[in-house]
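Geometric and topological summary
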Amino acid sequence: MEDSTSERDQIAGTQRKLSYFMMRLLSRVKFDASDRKLKKVLNLYHLIFLGISCTVGSGAYSIVGLAAQKAGPGIICSFIIVGLLCFFTCLPYAEFASKIQSSGFSYSFVYATCGELLGYITGHFLHLVNIFSTAICARCCCAYIASFISMFGLNIPLWLYDWEVFGCRLCILGALFVIALSLLMLTGMKESTTVNNVISCVNICTLFFAVIAGLFYIDADKYYDDFFPFGAKGIFTGMGLTFYAFLGFEGLTCFTEEALQPEKDLPVSLVITLIIAIIVNGGIALVMTGMAPLALMNNNQSLLAVFKYRCPWWMAVIISIGSISGLTACQSASLMCQPRTFYSMSYDRLLPKAFMRVNPKTQVPDFSIVVTCIVATVITLLFDVEVAGNAVSLCGLLIAAWVDLSVIVARYEVDCGFSKNINRCSVAFFVLTLIMGFSLYYNISLLLAAICAVLLCAIYYYIQKQPQVNMPKSFVCPCVPLVPLIGCLLYTSPSPRDRTRSRMPSSACKKKKKKK
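To keep things clear, this report deals only with the structure shown in the data block. (Residues numbered from 1 in each chain as written. Predicted model: local features only at pLDDT ≥ 70, side-chain atom pairs only at ≥ 80, totals over all residues. Heavy atoms only, no water.)

**Regarding the overall build of the chain**
Regarding its fold elements, the chain presents 21 helices and two strands. Here the chain, with 516 residues, has 56% of them falling under the buried criterion. In the chain, the proportion of contacts linking residues at least 24 apart, taken out of those at least 6 apart, comes to 83%. Carbon together with sulfur atoms contributes 68% to the accessible area of the chain, which is approximately 22200 Å² in total. (Helix = DSSP H or I, 4+ residues; strand = E, 2+ residues; numbered from the N terminus. Buried < 20%, exposed > 50% of the residue type's maximum accessible area, 1.4 Å probe, protein only. Contact = heavy atoms within 4.5 Å. Areas by Shrake-Rupley, 256 points an atom, 1.4 Å probe, with all protein chains shown as cover.)

Set out below in structure tokens:
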């Protein structure tokens with residue numbers, strides 16, 4: 001009798017522990033960043049240049065040409081539409097950045113709203129996005145450097161950036177780039193942002209030069225003859241690729257904790273960054289499609305190829321310098337984001353305390369920077385660009401969708417009865433968008449897609465009828481829940497972008513095919 005009683009007590013104790021554990025994982029967290037140690041040094045101009053580093057450059061130099069293959073000159077419309085759609089995610093990020101002043105950006109937003117479990121998953125997805133983005137930029141930058149030096153009749157030894165050893169293509173030069181930028185970050189945030197601002201200034205000036213100079217070499221007949229050679233289908237297919245030219249603006253919220261006035265400067269810098277991205281990408285698409293035939297743009301260095309084809313030699317040199325600076329700035333931004341994600345997760349006790357260590361002199365998370373440097377160096381050295389690109393795409397889309405839904409959850413009180421229903425509705429919306437997207441993408445069933453669409457409309461109607469209580473005091477995302485739900489739908493519905501992205505050629509892959 002006593003044995004059975006003790007067994008029941010043990011089972012009840014285990015159930016209480018599991019219940020507490022699950023409640024901790026799934027409940028909201030009261031977020032307080034008042035005792036963080038990172039130094040506040042970033043003003044509005046620093047944030048805008050950091051946003052340009054995260055967003056503007058890599059897409060304009062490579063993706064525009066690949067997208068033009070799908071839509072022709074009509075790709076300009078694709079860029080404008082996708083840029084406007086990205087505001088549906090930019091606004092939720094702006095609200096969170098002004099409300100939750102933490103360096104963990106997407107991780108901190110999801111952690112504070114949806115609990116430790118989803119926050120922990122989001123944090124590790126961010127590790128993949130930041131580190132693999134660094135590897136992509138480092139390897140692509142090496143290819144551009146090789147092209148730049150070859151313009152002067154010189155050649156870099158192939159073993160420095162594309163050395164095949166036991167079936168693995170090593171990039172030694174890219175790994176050295178990662179180490180050099182990491183050493184720069186150890187000197188302090190102000191020093192790192194100063195160098196980053198200079199590089200970003202070179203990048204954005206080069207892109208504006210490309211737009212203005214390209215206007216003088218445009219053949220206007222290309223627009224009048226056939227502006228939409230592939231019709232509406234081409235525009236929507238092009239939107240899938242142009243979408244990736246805008247990814248990265250959310251990385252700006254990683255520097256919230258180090259901003260002097262995050263509640264004011266972060267929303268403004270996010271919006272300005274996205275507007276600059278729309279103008280630059282649309283302008284580059286305009287001049288490229290008017291300067292050269294579409295067949296010339298089927299490579300990862302399409303902007304450089306167009307200027308080599310149509311413009312004087314010195315203009316191509318300027319474009320080559322700008323492409324190197326743009327990829328270097330993007331690589332630098334990714335390397336700056338990752339240590340701060342480590343730092344925030346360690347502060348929340350989801351990683352060892354060593355990651356929370358801050359150098360008392362430079363006031364940067366030095367241990368996290370060193371770990372990021374080691375991991376990013378190894379991945380840059382060993383992994384191919386295409387493998388890294390697929391990982392970044394998948395994780396980045398899921399993170400953005402979770403942040404969109406987190407805005408809806410954050411607007412309602414925890415203790416109210418309808419809050420639990422809102423949480424369930426958010427999860428159901430996420431799952432239904434996946435089911436609807438895959439059913440359309442793989443032609444499984446139009447009826448299933450229609451049912452999902454009806455249920456999505458019903459969920460929106462239910463959420464829209466609930467009262468909003470937790471209104472932020474600074475920046476407010478307008479039209480909640482419509483704006484975040486459209487953002488979630490945009491990021492979770494598979495489209496032609498998934499299939500075209502997997503076929504995007506990398507310089508390493510092309511060289512491998514040539515050798516064969």
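**Things to note about unusual backbone geometry**
The phi angle of most residues is negative, glycine excepted, and most peptide bonds adopt the trans form. Cis geometry is adopted by the peptide bond preceding Pro481, which originates at Val480 and carries an omega value of 15°. You can see Pro481 is positioned in the loop between helix H18 (446–464) and helix H19 (482–492). Not every positive phi belongs to a glycine, and Arg349 is a case in point at roughly 65°. As for its placement among the helices and strands, Arg349 is situated in the loop between helix H14 (313–347) and helix H15 (366–382).

**Observations concerning a negative patch on the surface**
A surface patch of negative charge is lined by Asp219, Asp221, Asp225 and Asp226. Tracing the sequence through the fold places Asp225 in helix H10 (residues 221–225). Relative accessible area serves as the criterion here: at 63%, Asp225 is assigned to the exposed category. (Patch = residues over 30% accessible without salt bridge, like charges linked within 9 Å, V, L, I, M, F, W, Y side chains within 5 Å. Salt bridge = Lys/Arg side-chain N within 4 Å of Asp/Glu carboxyl O. Lys, Arg positive; Asp, Glu negative; His and termini not counted. Charge placed at Lys NZ, Arg CZ, Asp CG, Glu CD.)

**What to know about the packing of helix H3 (residues 58–71) against helix H4 (residues 75–99)**
Direction vectors running N to C along H3 and H4 enclose 115°, while the axes themselves pass 9 Å from each other. Relative to H4, the element H3 is oriented roughly perpendicular. For the pair H3 and H4, contact is made by Val64, Ala67, Ala68 and Ala71 and by Ile75, Ser78 and Phe79, respectively. Classifying every residue of the contact of H3 with H4 by side-chain character gives six nonpolar, one polar and no charged. (Axes fitted to C-alpha atoms, helices over the stretch in contact; angles between N-to-C directions. Parallel < 35°, antiparallel > 145°, perpendicular 65-115°, else oblique. Nonpolar A, V, L, I, M, F, W, Y, C, P; charged D, E, K, R; others polar.)

**Brief notes about the side chain of Ser78**
Its location among the elements puts Ser78 in helix H4. The buried category is assigned to Ser78, whose relative accessible area is 0%. One polar contact links the side chain of Ser78 to the main-chain carbonyl oxygen of Ile235, over a distance of 2.9 Å. (Polar contact = N/O pair within 3.5 Å; in protein donor to acceptor, adjacent residues only side chain to side chain.)

**A closer look at the packing of aromatic side chains**
Scanning all chains against the criterion turns up 14 aromatic pairs. Each ring, one from Phe96 and one from Phe109, has its centre 5.0 Å from the other, and the planes form 15°; the classification is stacked. Here the residue Phe96 occupies a position in helix H4, and Phe109 occupies one in helix H5 (residues 106–114), the gap between them amounting to 13 residues. Since its relative accessible area comes to 2%, Phe96 is described here as buried. Aromatic pair Phe209 and Trp314: ring centres 6.3 Å apart, planes at 45°, arrangement tilted. Here Trp314 lies in helix H14 and Phe209 lies in helix H9 (residues 189–214), a separation of 105 residues in the sequence. On the accessibility criterion, Trp314 (46% relative accessible area) is partly exposed. (Phe/Tyr/Trp six-rings, centres within 6.5 Å; stacked < 30°, edge-to-face > 60°.)

**Looking at a nonpolar patch on the surface**
Taken together, the side chains of Val427, Val431, Ile435, Phe438, Tyr442, Ile444 and Leu448 make up a nonpolar region of the molecular surface, amounting to roughly 620 Å² of accessible area. Counting residues per element, the nonpolar patch draws most heavily on helix H17 (residues 417–441), at four residues. Inspection of the secondary structure assignment puts Phe438 in helix H17. Residue classification places Phe438 among the partly exposed residues on the basis of a relative accessible area of 37%.

**Topic: H18**
Here H18 contains 19 residues, and its C-alpha end-to-end distance of 27 Å stays within 8% of the 27 Å for a straight helix at 1.5 Å per residue. Listing the buried residues of H18 in full gives Ala449, Cys452, Leu456, Ile459 and Ile463. Buried residues of H18, viewed axially, fall in a sector of 80°; they line one side. Residues Leu446, Leu447, Val454, Cys457 and Tyr461 are exposed on H18 and point more than 90 degrees away from its buried face. Near the N-terminus of H18, the side chain that reaches the backbone nitrogen of Leu447, with its oxygen 3.3 Å away, is that of Ser445. (Expected span 1.5 Å × (residues − 1). Arc of directions from axis to C-beta.)

**Remarks on the environment of Ala428**
For Ala428, the position within the fold is in helix H17. Distance in space between the C-alpha atoms of Ala428 and Leu455 is 9.2 Å, their sequence separation being 27 residues.

**So, the environment of Thr193**
As for its position among the elements, Thr193 is in helix H9. Thr193 sits in the buried class, given a relative accessible area of 0%. In the structure, Thr193 is positioned 143 residues away from Leu50 in sequence and 7.6 Å away in space, judged by C-alpha atoms. Once you skip the residues sitting within four places of it in the chain, Thr193 turns out to touch Leu42, His46 and Leu50.

**A closer look at the environment of Pro157**
Of note, Pro157 is situated in the loop between helix H6 (116–150) and helix H7 (158–161). The partly exposed category is assigned to Pro157, whose relative accessible area is 36%. For the pair Pro157 and Ala146, spaced 11 residues apart in sequence, the C-alpha to C-alpha distance is 9.1 Å.

This is a description of form; function is not addressed.
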